[in-house]
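This is what each chain is made of:
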Amino acid sequence: MAKKNGLRDAAVKIGAAVGRVDGTAHKAARKAAKAAHVARQELTQLTKQVAALKKQLEKSTKRLKSALK
């Protein structure tokens, strides 16, 4: 019986270690997904800002051209 208990204890230790690794990998994946989501939102905001600046520049250019005529 001692051998069976030893094997069972070893299997429990191995299973626990695998569970910890899986949990750590899951946490890392969630963090990466959250970072990617935040980066995507920031990129969307920057795109909107660039579009607004481009529109403003076009207006300024148009005014300047009409002022120089």
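These figures come from a predicted structure and were not determined experimentally. (Residues numbered from 1 in each chain as written. Predicted model: local features only at pLDDT ≥ 70, side-chain atom pairs only at ≥ 80, totals over all residues. Heavy atoms only, no water.)

Colleague: Quick question: what am I supposed to make of the overall build of the protein chain here?
Modeller: Secondary structure assignment for the protein chain yields 1 helix and 0 strands. Computed over the C-alpha atoms, the radius of gyration of the protein chain is 30 Å, more than 25% above the 11 Å expected from 2.2 N^0.38 for a compact globule of 69 residues. Every one of the 69 residues in the protein chain was classed for burial, and the buried ones make up 0%. For the protein chain, the accessible area works out to roughly 6700 Å², and carbon and sulfur atoms hold 64% of it. (Helix = DSSP H or I, 4+ residues; strand = E, 2+ residues; numbered from the N terminus. Rg over C-alpha atoms; globule rule 2.2 N^0.38 Å. Buried < 20%, exposed > 50% of the residue type's maximum accessible area, 1.4 Å probe, protein only. Areas by Shrake-Rupley, 256 points an atom, 1.4 Å probe, with all protein chains shown as cover.)

Colleague: Which parts of the structure should I look at to understand the pattern of salt bridges?
Modeller: Any two side chains of opposite charge can pair, so long as their charged atoms come close to each other. Considering all chains together, one arrives at 1 salt bridge under this definition. Residue Asp9 pairs with Arg8 through a salt bridge whose shortest N-O separation is 3.9 Å. Its relative accessible area of 37% is what places Asp9 among the partly exposed residues. (Salt bridge = Lys/Arg side-chain N within 4 Å of Asp/Glu carboxyl O.)

Colleague: Honestly, the environment of Ile14 in this entry has me stumped. Any pointers?
Modeller: Looking at the element boundaries, Ile14 is found in helix α1 (residues 2–68). When the C-alpha positions of Ile14 and Leu46 are compared, they lie 48 Å apart, and in sequence the two are 32 residues distant.

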